[in-house]
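Each chain, written out:
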Amino acid sequence: MNIYQTNDSLRLDIARRKIDCHTHIYNARIRDEYFSRTTGYALVMQLPERILENPDCVKTVMEDSRLFLNPCIDLKSPIAPQLEVIGSNLEAWKVVGLKIYLSYQAAKANDPPLYKIYEFAQKHKLSVTFHTGLCSLVLPSDNDIEGSNAIYVAKAAEDFPDVNFIIAHMDDPRFDDCMKIVAEHNNIYTDFSGAYETGTKEGNDVDGAIATFGAAIHSQPGTEYKILYGTDFCPPINLAQLEEYDYSIEKIFPEEVFDLIYYKNCLRAFPKLNTYLNESEFQK
């Protein structure tokens, strides 16, 4: 048995009530592996082709009722034409948000050219997820770690209070500062998805990572309402971890807030998701 697996009865109970807010399930093979190991629903973050080829991403989402799409905005290409294509396919693609790859692509969240993305998100009730902090060990990157700082996300969130912003990866390694920003803004959420990538410090010391994440999370009151369950699942780039996240949640949070972390916070963070899901889906 995986050393990070929770007890069987608790794990099975949790598995029926999950929305993974951050995956890269971009083809049928990845989808099949994911759902052979867990149940529930998953949000798929499309990647810019210049970072990783994922031509079947949209098709994979469209073909599976458990998947929902966050199209990427490639900051190295004109933004307006990308938004036009997404706008023409919102329902067909089951779009619930947008994904921006800061760090990988040099920019700050409050750069004026990005504001047309947030205007689009506001119009269509979409959320915006940012990659923040350190990048994958295996993907090409501008390595603009400073540009992805959560302080710039906070400024954008203040300018667009009707749009929810998700700081993916808890602005690794600026965890404490990130949680302070999350606690101070009603429209900002975060996750620690991707933390256990093979070869990283966190992946090599899960219990140590849990202690670090837990300290940051508990440093601010009320953050159990702002943390999302996310795994960053994508085995081709060494992100095949699932059990580690269940183990982490069990260690960081009391059982009475598990439903918040696993799905209720996600339904609030991604209001468009309620077009397709609602809490009754998790009582079946």
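Residue numbers restart at each chain and count upward from 1, following the sequence in its written direction. Only residues with pLDDT of at least 70 get local features here, since the model is predicted, and only at 80 or more are side-chain atom pairs given and counted; chain-wide, interface and lining totals rely on the full set of residues. Excluding hydrogens and water, the side-chain figures rest on all heavy atoms present in the structure.

### Brief notes about the overall build of the protein chain
In terms of helices and strands, the protein chain carries 11 helices and eight strands. Computation of the radius of gyration draws on C-alpha atoms alone. For the globule rule, the value is 2.2 Å times the number of residues to the power 0.38. Relative to the compact-globule value of 19 Å for 284 residues, the protein chain shows a C-alpha radius of gyration of 17 Å, a close match. Principal-axis analysis of the C-alpha atoms gives the protein chain an extent of 50 × 40 × 35 Å. Burial classification: accessible surface area is computed with a 1.4 Å probe over protein chains only, and a residue below 20% of its type maximum counts as buried, one above 50% as exposed, and the rest as partly exposed. Every one of the 284 residues in the protein chain was classed for burial, and the buried ones make up 61%. Whether two residues touch is decided by their heavy atoms; if any such pair falls within 4.5 Å, the residues are in contact. Long-range pairs, those at least 24 residues apart, make up 73% of the contacts in the protein chain between residues at least 6 apart in sequence. For the area figures, the Shrake-Rupley method with a 1.4 Å probe applies, and any residue is considered shielded solely by the protein chains shown. Total accessible area on the protein chain is roughly 11,500 Å²; 49% of this is exposed by carbon and sulfur atoms. Of the side chains in the protein chain, 27 bear a positive and 42 a negative charge, and the two mean positions are spaced by 4 Å. Numbering goes from the N terminus for both helices and strands, where a helix is a DSSP run of H or I of at least four residues and a strand is a run of E of at least two. His is not counted, nor are the chain ends; Lys and Arg add positive charge and Asp and Glu add negative charge. Taken as the charge centre is NZ of Lys, CZ of Arg, CG of Asp or CD of Glu, depending on the residue.

### Focus on the layout of surface pockets
The way it works is a 1 Å grid over only the protein atoms, where trapped points that fit a 1.4 Å probe form a cavity and open points with protein on both sides within 12 Å along at least five of seven lines form a pocket, and then any residue with an atom within 4 Å of a point lines it. Grid points are joined across faces, edges and corners, and a volume is the space filled by probe spheres set on the points. Empty space within the largest pocket amounts to approximately 370 Å³. Lining the largest pocket are 26 residues, with L134, C135, S136, G194 and E197 sitting closest to its centre. Of the residues assigned to the lining of the largest pocket, the class counts are 13 nonpolar, eight polar and five charged. One number sums up the size of the second largest pocket: a volume of about 190 Å³. Lining of the second largest pocket is provided by 14 residues; of these, Q46, L47, C72, D74 and Q82 occupy positions nearest its centre. Ranked by residues supplied to the lining of the second largest pocket, first place goes to helix α4 (residues 79-87) with three residues. Taken together, the residues of the lining of the second largest pocket break down into eight nonpolar, three polar and three charged. Three categories are distinguished: nonpolar for Ala, Val, Leu, Ile, Met, Phe, Trp, Tyr, Cys and Pro, charged for Asp, Glu, Lys and Arg, and polar for the others, with Gly belonging to the last.

### Some words on unusual backbone geometry
In this chain, D172 is followed by P173 through a cis amide linkage whose omega measures 5 degrees. Positionally, P173 belongs in the loop between β7 (165-168) and α7 (175-184). Despite not being glycine, K125 has its phi angle at roughly 60 degrees, a positive value. Following the sequence through the fold, K125 ends up in the loop between α5 (115-124) and β6 (127-131). The phi dihedral of D171 falls on the positive side, at around 55 degrees, and the residue is not glycine.

### Some points on the pairing of strand β3 (residues 67-70)
Burial along β3 is two-sided: L67 and L69 and F68 and N70, pointing in opposite directions, are all buried. Relative to β3, strand β2 (residues 41-45) runs parallel, the two sharing four bridges. The partner of V44 across the bridge, within β3, is L69. For the handedness criterion, the β-α-β arrangement of β2, helix α3 (residues 57-62) and β3 is classed as right-handed. Strand pairing is assigned whenever DSSP identifies at least 2 bridges connecting the two strands. By the criterion used throughout, a crossover qualifies as right-handed when its path from the first strand across the helix to the second strand runs clockwise, the strands pointing away from the viewer.

### A word on the sheet that holds strand β1 (residues 19-23)
Strand order in the open sheet made by the three strands is β1-β2-β3, with parallel pairing throughout. On the outer flanks of this sheet lie β1 and β3, each paired with one strand and no other. Across the sheet, the mean angle separating the axes of adjacent strands is 20 degrees when strand polarity is ignored. Set on the sheet, helix α11 (residues 258-269) makes contact with β1 and β2; between it and β1 the angle comes to about 70 degrees. Axis lines are fitted through C-alpha atoms, for helices just across the contact stretch, and the angle between N-to-C directions can take any value from 0 to 180 degrees.

### A look at the packing of α7 against helix α9 (residues 206-218)
As a packed pair, α7 and α9 sit with axes 8 Å apart at the nearest point and diverge in direction by 35 degrees. The two elements α7 and α9 meet at a crossing, and its hand is right-handed. Each of F175, D176 and M179 in α7 lies in contact with α9, whose residues at this interface are T212, F213, A216 and I217. Counted by class, the contact of α7 with α9 contains five nonpolar, one polar and one charged residues. Helix crossings get a hand from a simple test, with the near helix turned counterclockwise from the far one by less than a right angle marking a left-handed crossing and a clockwise turn marking a right-handed one.

### Quick look at helix α10 (residues 243-252)
Within α10, eight of the 10 residues are buried, which leaves it mostly tucked inside the rest of the structure. Three or more residues of α10 are buried, namely E243, E244, Y245, D246, Y247, S248, I249 and I252.

### What about empty space enclosed by the protein?
It is the rolling of a water-molecule-sized probe over the atoms that shows where space remains empty. On inspection of all chains with the given rule, the structure shows one cavity of 30 Å³ or more. Within this model, the largest cavity holds a volume of roughly 30 Å³. Lining the largest cavity, in full, are F192, I227, L228, Y229, G230, Y245, I249 and I261. Partitioning the lining of the largest cavity into residue classes produces seven nonpolar, one polar and no charged.

### Some details on the state of the cysteines
Criterion for a disulfide: a pair of cysteine sulfur atoms within 2.5 Å. According to the stated counting rule, one finds zero disulfides in the structure shown. You can see C178 has no disulfide; the closest cysteine sulfur is in C21, sitting 13 Å from it. Unpaired in terms of disulfides, C234 finds its nearest cysteine sulfur in C57, a separation of 9.7 Å. For C234, a relative accessible area of 0% gives the class buried.

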